[in-house]
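Summary of structural features
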Amino acid sequence: MNVRQKSLRVGIAFIVLLIVSGVLLMYKGNDAVVLATTQKDGILTAEQVKLAFDSVSGRMINEAVQEGQFVKKGDVIMVLDATDTDLSIERIKAQIAQLDATISSSEGAMKIKHFKADNDEKQSFRQIDSQRAAVASAKATFLNTKLDYERKAELVTAGAVAKSQLDDAKMALDVAAANVKAQQELLDKLLSGAADNGNTDSINLPTIEEERQSAENMKNDIEALRRQKSSLEIELKELEVAKERLTLRASEDGKIIKIIAKEGEMIAPSVPVVILESNRAYYDIYVSEEQAANLREGDKITGVTVAGNKKVEGTVRLLTKAPGFADLKQSREQGQADLSAFQVRIYVDENAEVIPGMTIEVKDDQFAKK
């Protein structure tokens, strides 16, 4: 056999192979996704959660878990050094205690001032009443002395008494007048400029009002102290929250698959330190347009494991147009797809006896029209 005949036979065999492949493609399609859309297989994938310290940093002093360990929600994962935070908390607590003492002392002083103002008012009212009586007595004495003076003046005119008696009566009258003036001045001093309407209980004494105003002004000081305390209490809560965040806890049940940070290292805020494999697991399959038309997000889907043929119940969470590479290309002009593929994401029930990595198949009867 010469080279020419050998080359001819190889060419004929290649042409036959192309013809057979073309026939097969007519029935099977010409895209790699065809296999996926016909068999509906998906790899079970568990969602991963990256755990990080929220807005706090520090040196890790306790690595409480190991890779491969199963944890429950709330379990301690890692702990950062809380020495500085504890000192700040104690400092704030001491300041709050000091403010409490100051507030209590100020409230006591304010009550004493109010009590003193009330007591001074009562004493002033008694003094005013007593002084009114003294003024009235002085005025009565003055009137009597005046009558005596006038009577003796008449007797002196009639020559019935000596002029010396009239002089004595005049001196007594002047003394009585001076006493009335002195007693009135004392009353005015007690009134401190307040109008005397004769009713003591209705008199508003300026000096007493000043005492009460001084006591009331202490309320502003006390309120300022309370606001300062409130600000410190907020700061204390922030520190307590920060201290709580120094302990990293599992956000949900799952399995520790990777520990990124190690004990003794400085940890930056919001940087992942542990990767947790959650109990939420899903698999993706691709379906045709006709099958997608019979599906809705929220529908229940029953798949089976390729290994062991176990039933796996799940729920459709996502039904969306698949990327262009997944479309089944045929022979339309301008490269348009004859059939569009749809991506279906199915989350399996938590009680399903499957583990991530297993292959789950969905039969075509699950996409029958409902």
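Described in the following lines is the structure provided in the data block. Being a predicted model, the structure only gives us computed values, none of them experimental. (Residues numbered from 1 in each chain as written. Predicted model: local features only at pLDDT ≥ 70, side-chain atom pairs only at ≥ 80, totals over all residues. Heavy atoms only, no water.)

1. Details of the overall build of the chain
Looking only at helices and strands, the chain has six helices and 13 strands in total. Here the chain holds 370 residues, and 31% of them are scored as buried. Accessible area for the chain stands at about 23400 Å²; split by element, carbon and sulfur atoms hold 53% of it. (Helix = DSSP H or I, 4+ residues; strand = E, 2+ residues; numbered from the N terminus. Buried < 20%, exposed > 50% of the residue type's maximum accessible area, 1.4 Å probe, protein only. Areas by Shrake-Rupley, 256 points an atom, 1.4 Å probe, with all protein chains shown as cover.)

2. Comments concerning the packing of aromatic side chains
If you walk through the whole model with that rule in mind, you get one aromatic pair. Centroid distance Tyr282 to Tyr347: 5.3 Å. Interplanar angle 40 degrees. Geometry classified as tilted. Here the residue Tyr282 occupies a position in strand E9 (residues 272-287), and Tyr347 occupies one in strand E12 (residues 342-348), the gap between them amounting to 65 residues. Summarising the burial analysis for this pair, Tyr282 and Tyr347 share the class buried. Here Arg317 stacks its cationic end above the ring of Tyr347, 4.5 Å away from the centre of that ring. (Phe/Tyr/Trp six-rings, centres within 6.5 Å; stacked < 30°, edge-to-face > 60°. Lys NZ or Arg CZ within 6 Å of the ring centre and 35° of its normal.)

3. Section: the nonpolar core
Phe53, Ile77, Met78, Ile256 and Val273 are the most contacted members of the largest nonpolar core, which totals 21 residues. Looking at this core, the elements with two or more residues in it are strand E2 (45-52), strand E5 (76-80), strand E7 (254-259) and E9. Residues contacting Ile256, with those up to four places away along its chain left out, are Val65, Gln66, Glu67, Gly68, Gln69, Val71, Ile77, Val274, Ile275 and Leu276. The next biggest cluster of nonpolar side chains, apart from the first, holds 19 residues, and it includes Tyr283, Ile301, Val348 and Val362. (Core = buried A, V, L, I, M, F, W, Y, C linked by side-chain atoms within 4.5 Å. Contact = heavy atoms within 4.5 Å.)

4. Details of the side chain of Ser278
Residue placement: Ser278 occurs in strand E9. Given a relative accessible area of 4%, Ser278 falls into the buried group. A distance of 3.2 Å separates a polar atom in the side chain of Ser278 from the backbone nitrogen of Arg280. Each residue touching Ser278, except ones within four places of it in the same chain, is listed here: Ala46, Glu47, Val49, Glu252, Asp253 and Gly254. (Polar contact = N/O pair within 3.5 Å; in protein donor to acceptor, adjacent residues only side chain to side chain.)

5. Considering the sheet that holds strand E6 (residues 247-249)
The strand order across the open sheet formed by four strands is E6-E5-E3-E8, and the pairing between neighbours is antiparallel. A single partner strand is all that each edge strand has here, and the edge strands are E6 and strand E8 (266-267). When strand E3 (residues 58-63) meets E8, the two strands line up antiparallel, connected through two bridges. Counted as the bridge partner of Arg59 is Met266 from E8. (Pairing = 2+ DSSP bridges.)

6. With respect to the pattern of salt bridges
Taken as a whole and judged by the stated rule, the model has 21 salt bridges. Asp118 is the partner of Arg212 in a salt bridge, and the nearest nitrogen-oxygen pair spans 2.7 Å. Placement of Arg212 in helix H5 (residues 206-245) and of Asp118 in helix H3 (residues 83-158) is noted, with a sequence separation of 94 residues between them. For Glu252, the salt bridge is made with Arg280, and the minimal N-O distance between the two is 2.5 Å. Pair noted here: Glu252 is in the loop between E6 and E7 and Arg280 is in strand E9, with a separation of 28 residues, a long-range link. Overall, the relative accessible area of 18% leaves Glu252 in the buried class. (Salt bridge = Lys/Arg side-chain N within 4 Å of Asp/Glu carboxyl O.)

7. Overview of the pairing of E12
Most of E12 sits out of view: five of its seven residues are buried. Inspection of the sheet shows E9 paired to E12 by six bridges, in the antiparallel sense. Each bridged residue has a counterpart across the sheet, and for Val287 the counterpart in E12 is Phe342. When strand E11 (residues 311-321) meets E12, the two strands line up antiparallel, connected through seven bridges. Considered in E12, the bridge of Lys321 is made with Phe342.

8. Overview of the packing of H3 against H5
Where H3 contacts H5, the two axes come as close as 9 Å, and the packing angle between them is 165 degrees. Taken together, the axes of H3 and H5 are roughly antiparallel relative to one another. You can see that H3 and H5 cross each other, and the crossing is left-handed. Counted by class, the contact of H3 with H5 contains 16 nonpolar, nine polar and 20 charged residues. (Axes fitted to C-alpha atoms, helices over the stretch in contact; angles between N-to-C directions. Parallel < 35°, antiparallel > 145°, perpendicular 65-115°, else oblique. Left-handed = near helix turned anticlockwise from the far one by under 90°. Nonpolar A, V, L, I, M, F, W, Y, C, P; charged D, E, K, R; others polar.)

9. A word on the environment of Lys310
Its place among the elements puts Lys310 in the loop between strand E10 (300-305) and E11. Here Lys310 falls in the partly exposed class, since its relative accessible area comes to 43%. Among all residues touching Lys310, those that are not within four sequence positions of it are Gly303, Val304, Thr305 and Glu353.

10. Quick look at H5
End to end, H5 covers 59 Å across 40 residues, agreeing with the expected 58 Å (1.5 Å per residue, within 8%). Among the residues of H5, Ile208, Ala215, Met218, Ile222, Leu225, Leu232, Leu236 and Leu239 are the ones counted as buried. (Expected span 1.5 Å × (residues − 1).)

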